[in-house]
Amino acid sequence: FVALWEEERAEETTRARENAFALLRHRRKQAEYGGFLFQGQRWDSEEKDEMRLNSLVTMMDKTGMETFEGWKISETATVTLTPELAALAAAAMMAHYNACFAVERAKADNLRNLDSPAAVNTWLAPELDAGWPGTTHPGEEKNNDD
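Reading guide: rules and limits
Residues numbered from 1 in each chain as written. Predicted model: local features only at pLDDT ≥ 70, side-chain atom pairs only at ≥ 80, totals over all residues. Heavy atoms only, no water. Axes fitted to C-alpha atoms, helices over the stretch in contact; angles between N-to-C directions. Helix = DSSP H or I, 4+ residues; strand = E, 2+ residues; numbered from the N terminus. Parallel < 35°, antiparallel > 145°, perpendicular 65-115°, else oblique. Left-handed = near helix turned anticlockwise from the far one by under 90°. Contact = heavy atoms within 4.5 Å. Nonpolar A, V, L, I, M, F, W, Y, C, P; charged D, E, K, R; others polar. Patch = residues over 30% accessible without salt bridge, like charges linked within 9 Å, V, L, I, M, F, W, Y side chains within 5 Å. Areas by Shrake-Rupley, 256 points an atom, 1.4 Å probe, with all protein chains shown as cover. Salt bridge = Lys/Arg side-chain N within 4 Å of Asp/Glu carboxyl O. Lys, Arg positive; Asp, Glu negative; His and termini not counted. Charge placed at Lys NZ, Arg CZ, Asp CG, Glu CD. Buried < 20%, exposed > 50% of the residue type's maximum accessible area, 1.4 Å probe, protein only. Core = buried A, V, L, I, M, F, W, Y, C linked by side-chain atoms within 4.5 Å. 1 Å grid on protein atoms, 1.4 Å probe; cavity = no way out; pocket = protein on both sides within 12 Å on 5 of 7 lines; lining within 4 Å. Points joined across faces, edges and corners; volume = space filled by probe spheres on them.

Student: How would you summarise the packing of helix H3 (residues 83-112) against helix H4 (residues 117-127) if you had to cite specific residues and measurements?
Tutor: One can describe the packing of H3 onto H4 by two numbers: an axis separation of 10 Å at closest approach and a directional angle of 155°. Comparing the axis directions of H3 and H4 gives the class roughly antiparallel. Judged by the twist between their axes, the crossing of H3 over H4 is right-handed. Of H4, the residues touching H3 (which contributes Lys107, Asn110 and Leu111) are Val120, Trp123 and Glu127. For the contact of H3 with H4, the per-class residue count stands at three nonpolar, one polar and two charged.

The following block contains the structure:
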């Protein structure tokens, strides 16, 4: 009976961890795509924003374009970009993404060490939302109608 109980407990712990890992991935994506601060302004950081910014950096480099006026950085703000500023913003976005993945890795390492469903659930409450970089917090919805 003890062996069966231990096996069932291990399966429950595995299921609890798998659920927590899914929640952790979701929370990382919220932070990753929830915006970041660059030079005192909030910039959008969804995949489409990354693609647009990287395309602009490439275009400015290849064409010699000196400025791009009215570049939309968020729902409520635009800036004028130079090649240097665009490249710095793209690098800041990548640093933001990397910081989000670093937090996820550290939290996943902690999660792997938990040995019961109760420990996983106790860990989730304070740890899931703590320590993420960015500007969007859980429960905030972004408008994706651009």
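Student: How would you explain a negative patch on the surface if you had to name every residue and give the values?
Tutor: Together, Glu7, Glu8, Glu11 and Glu12 line one region of the surface with negative charge. Locating Glu12 in the fold gives a position in helix H1 (residues 2-33). On the basis of relative accessibility, which here comes to 33%, the residue Glu12 falls in the partly exposed class.

Student: Please set out the environment of Leu85 residue by residue, giving values where relevant.
Tutor: As for its placement among the helices and strands, Leu85 is situated in helix H3. With 32 residues separating them along the chain, Leu85 and Pro117 place their C-alpha atoms 48 Å apart. Non-local contacts of Leu85, meaning those with residues more than four positions away in its chain, are made with Phe38, Gln39 and Thr80.

Student: Describe the nonpolar core, listing the residues and the values that go with them.
Tutor: Counting residues in each nonpolar core, the largest one holds 18 residues, and the members touching the most others are Phe38, Trp43, Leu53, Trp71 and Leu81. Among the secondary structure elements, those contributing two or more residues to this core are strand S1 (36-38), helix H2 (47-63), strand S3 (68-74), strand S4 (77-81) and H3. Counting residues per element, this core draws most heavily on H3, which supplies seven residues. The residues contacting Trp43, other than those within four sequence positions of it, are Gly35, Phe36, Phe38, Leu53, Trp71, Ile73, Val79, Leu81 and Ala89. With 15 residues, the next largest nonpolar core counts Cys100, Ala108, Leu111 and Leu128 among its residues.

Student: Tell me about the side chain of Glu32, and please be specific about residues and values.
Tutor: Mapped onto the elements, Glu32 comes out in helix H1. Under the relative-accessibility criterion, Glu32 is labelled buried at 5%. When residues no more than four places from it in sequence are discounted, the contact partners of Glu32 are Ser45, His96, Tyr97, Cys100 and Phe101.

Student: A description of empty space enclosed by the protein should follow, citing residues and the corresponding values.
Tutor: Inspection of every chain in the model, using the stated rule, returns one cavity of 30 Å³ or more. For the largest cavity, the calculated volume is near 60 Å³. Taken together, Trp43, Asp44, Asp49, Arg52, Leu53, Trp71, Lys72, Ile73 and Met93 form the lining of the largest cavity. Those elements that place two or more of their residues in the lining of the largest cavity are H2 and S3. For the lining of the largest cavity, the class distribution of residues is five nonpolar, no polar and four charged.

Student: Lay out the pattern of salt bridges in plain terms, naming residues and giving numbers.
Tutor: Scanning the model with the defined rule gives nine salt bridges in all. A salt bridge links Arg28 to Glu32; the shortest N-O distance between them is 2.4 Å. Placement of both Arg28 and Glu32 in helix H1 is noted, with a separation of four residues, approximately one turn of the helix. No difference in accessibility class separates Arg28 from Glu32, as the two residues are buried. Of the charged contacts, one joins Glu75 and Lys72 as a salt bridge, the two residues approaching to 4.0 Å between their closest N and O atoms. Overall, the relative accessible area of 46% leaves Glu75 in the partly exposed class. Each of Arg28, Glu32 and Glu104 takes part in a single network of salt bridges with overlapping partners.

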